[in-house]
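Chains, contacts and geometry: an overview
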2 protein chains.
Amino acid sequence: MVDEGKTAIARKPRADAQRNRIRLLETAKAAFAEKGPGASLDEIARTAGVGAGTLYRHFPTRDALMEAVYRNETEQLVAAATRLADTQSPTGALREWLLLFVDYIAAKHGMYEALNSIVGGTTELYSASTEQMKRAIAKLISRAVASGDVRLDIDPLDLLRALAGVASISAGPDGKQAAKRMVDILIAGIRIRT
Amino acid sequence: MVDEGKTAIARKPRADAQRNRIRLLETAKAAFAEKGPGASLDEIARTAGVGAGTLYRHFPTRDALMEAVYRNETEQLVAAATRLADTQSPTGALREWLLLFVDYIAAKHGMYEALNSIVGGTTELYSASTEQMKRAIAKLISRAVASGDVRLDIDPLDLLRALAGVASISAGPDGKQAAKRMVDILIAGIRIRT
DNA sequence: TGATAAACGGAGAATGTCTCCGTATTTAAA
DNA sequence: TTTAAATACGGAGACATTCTCCGTTTATCA
C-alpha cells in the first residue's frame, strides 16, 4: 500500500502548465481590455493557443480569470497604502489612496464582475484580494480615526463601493473626474466637524 | 393608386397584443426578481405563454424589457421628489428622497444593467427615465443649494451612482443598511460647513 | 529509460439569444 | 355580415457561448 497521504512531496509543477497559464493571462488581459467583460472565453483560449479545457482547468470561472488578471494591479495598490501611511498625514494619505483607487477602477472600464469580486467581498473564492484590499483601506481609516479626524462608524469598503459606483456605473468619459470629485465629498462626509 | 401615405388613420391596437404585453411584463418582473438580471428571456416568454418572437417584437432587447418593467417604480420615485420638496426642509427632503432611492435600487438586487440604464445616462434608448430621474434629484439639490446648505459643484446623479455602488456592488444582506449610512455621509459631505 | 502523475485539447452537450416566415387573428370597410 | 388587409402570433432553427468529459500526450522522477 503506497503512501497516498497528504504528505505527498510537492512535485515540481509542469513547465507547459506554467507556460499556458501565463499565455492565458496575457491573452485574457488584452481581450478584456479590448472587448470588455463579456469577451468570449473560448476565443481567449483559442487565441492563446490552448484548448477550452485548459482554460477552464486553470480558471474555473470567468471571475476567477478576471481576479487573476488583475491581481497584479491590486497588489500594487495595496502596497501603495503602506507607503502613503508612512509619508503623509492621516487624512492626506487616505485621500491620496482613494484617488489611486479611482485610477485603478477606471482602468477596468465597466468591468463590473471584477469589481464585484474584489470590492464586493461576498464571493468566497476571491477573498484573498478582497482581504488585502480591506486591510489596506482599514489601516488608512483607522489611522485617521485615531488622529481624531474621522468618525469611526464607517465600513471602509463602503467608500470603495461608492467610488466604484460613480466611476463605473456611468462609464462616461468623465466618470473618472466625477469619481475624483466624489473622493472629496466622501472625505468631507466622514470628517468630524471641528 | 390607393393612399399609402403617412396620413393613415391610427388603427386600434390589437387586443391580443395588449394582453401579451402585460403578461410579459408581469412574468418578467417576477423572473428578474427571482433569478436576477440574467433570467432567460426565452423562458420568460414560455412562462408567459407566448412565443419568443412575441417577446422580442414587444421588447427588442433585454434592456428594453427591464426599462419597461421598472418604469412604474421609477415614476413613483420621481413623484415623491415633488411631494417631499413641498413638505420638508431642503436638506431634509433631499435626505428622505435619497433613502427612498436606496429602497428603490435595493429591490433590484444586482440588476446592474437596469441601474446603468436608468442612472447611467449614457444609453440613448432610456433617456426618458434618466431624464425624469435627473430632473427629480436636480430639483432637490438646487433647492438645497439655494438655501445655502449645500455646495453647488455637484453632479446630482453622482450621488445616485454612489448609492447604487454601495447598495448593489456588494449585494450583501446589509447592503441596504450600508447604503442608508452612506446617505448620511454624502449629506455631510456636500453640506457647507457652518 | 520507463512508469505514472499531470496536463492537454477539442468534440459535443447544454443553454441562451434572436430571426424568419408561414399561419392565425383582429380590425374596419363594404 | 362578410371579407380583405393589417397586424400579431409562435416556434423551428441558425448561431453563439459556456463548460464538461475523456482519450491522448507530455513532463517528471526513480
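It should be noted that the structure appears before, not after, this text.
Residues numbered from 1 in each chain as written. Chains lettered and ligands numbered in written order. Predicted model: local features only at pLDDT ≥ 70, side-chain atom pairs only at ≥ 80, totals over all residues. Heavy atoms only, no water.

What about empty space enclosed by the protein?
Formally: Whether a set of points on the 1 Å grid over the protein atoms alone is a cavity depends on a 1.4 Å probe fitting there but being unable to get out, while an open set qualifies as a pocket with protein on both sides within 12 Å along at least five of seven lines; lining residues are those with an atom within 4 Å of a point. Grid points are joined across faces, edges and corners, and a volume is the space filled by probe spheres set on the points. Numbering of helices and strands starts at the N terminus; helices are DSSP runs of H or I of at least 4 residues and strands are runs of E of at least 2. Asp, Glu, Lys and Arg are counted as charged, while Ala, Val, Leu, Ile, Met, Phe, Trp, Tyr, Cys and Pro are counted as nonpolar; the rest, among them Gly, fall into the polar class.
On inspection of all chains with the given rule, the structure shows three cavities of 30 Å³ or more. Empty space within the largest cavity amounts to approximately 70 Å³. A:A178, A:R181, A:M182, A:I185, B:R151, B:D153, B:I154, B:D155, B:D158 and B:L159 together form the lining of the largest cavity. Elements supplying a minimum of two residues to the lining of the largest cavity: α9 (175-190) of chain A together with α8 (156-169) of chain B. Residue classes in the lining of the largest cavity are distributed as five nonpolar, no polar and five charged.

Some words on helix α9 (residues 175-190) of chain B
Keep this limit in mind: Any helix carries an expected span of 1.5 Å times its number of residues minus one. Relative accessible area decides the class of each residue, using a 1.4 Å probe on protein chains only: under 20% of the type maximum gives buried, over 50% gives exposed, and in between gives partly exposed. The contact criterion used is simple: two residues touch if any of their non-hydrogen atoms lie within 4.5 Å.
Taking 1.5 Å as the rise per residue, α9(B) with 16 residues should run 22 Å; its terminal C-alpha atoms sit 22 Å apart, in good agreement. Buried within α9(B) are the following residues: B:G175, B:A178, B:A179, B:M182, B:V183, B:I185, B:L186, B:I187, B:A188, B:G189 and B:I190. Contacts from the buried residues of α9(B) go to α8 (156-169) and α9 of chain A together with α5 (90-106) and α8 of chain B.

Considering the protein's contact with DNA strand C
Stated precisely, the cut-off is as follows: Whether a residue is near a molecule or strand depends on its heavy atoms: if one lies within 4 Å, it is near. Polar contact is defined as a pair of N or O atoms within 3.5 Å, subject to the rule that within protein one atom must be able to donate a hydrogen and the other to accept it, and that residues adjacent in sequence are counted only when both atoms are side-chain atoms.
Close contacts around DNA strand C come from 22 residues, with A:R14, A:N20, A:R57, B:R11 and B:R62 the closest. When atoms of DNA strand C within 4 Å of the protein are sorted by moiety, sugar and phosphate together comprise 63%. One of the side-chain N or O atoms of B:R14 is found 2.8 Å from a base oxygen in DNA strand C. Looking at the surface near DNA strand C, the elements that each hand over two or more residues are α1 (15-35) and α3 (52-58) of chain A together with α2 (41-48) of chain B. The biggest single contributor to the surface near DNA strand C is α3(A), with five residues. In the surface near DNA strand C, the residues fall into six nonpolar, seven polar and nine charged.

A closer look at the protein's contact with DNA strand D
In the vicinity of DNA strand D lie 26 residues, with A:R11, A:R62, B:R14, B:N20 and B:R57 positioned nearest. In the interface set of DNA strand D, defined as its atoms within 4 Å of the protein, sugar plus phosphate atoms amount to 63%. Between DNA strand D and A:K12 there is a distance of 3.3 Å, counted from a phosphate oxygen to a backbone nitrogen or oxygen. Note that a phosphate oxygen of DNA strand D is positioned 2.5 Å from one of the side-chain N or O atoms of B:R57. Looking at the surface near DNA strand D, the elements with two or more residues in it are α1, α2 (41-48) and α3 of chain A together with α1 (15-35) and α3 (52-58) of chain B. No other element matches α3(B), which puts five residues into the surface near DNA strand D. Here the surface near DNA strand D is composed, by residue class, of eight nonpolar, eight polar and 10 charged.

Some points on the environment of B:D149
Residues and elements named next belong to chain B. Mapped onto the secondary structure, D149 falls in the loop between α7 (127-146) and α8. Residue classification places D149 among the partly exposed positions, given a relative accessible area of 28%. The spatial distance from the C-alpha of D149 to the C-alpha of R191 is 5.7 Å, given a sequence separation of 42 residues. The residues touching D149, leaving out its near neighbours within four places in the chain, are T91, A144, I190, R191 and I192.

Let's talk about the pattern of salt bridges
What counts, and what does not: Any Lys or Arg side-chain nitrogen found within 4 Å of a carboxyl oxygen on Asp or Glu counts as a salt bridge.
Considering all chains together, one arrives at 22 salt bridges over all chains under this definition. Of the charged contacts in the structure, one is a salt bridge between A:K180 and A:D103, with a shortest N-O distance of 3.4 Å. Here A:K180 is found in helix α9, whereas its partner A:D103 is found in helix α5 (residues 90-106), with 77 residues between them in sequence. Here B:D158 ties to B:R161 by a salt bridge, and the two come within 2.7 Å at their closest N and O atoms. Of the two residues, B:D158 and B:R161 both sit in helix α8, three residues apart, roughly one turn of that helix. Its relative accessible area of 5% is what places B:D158 among the buried residues. Taken together, the salt bridges that share partners define one network made up of A:D155, A:D158, A:R161 and B:R181.

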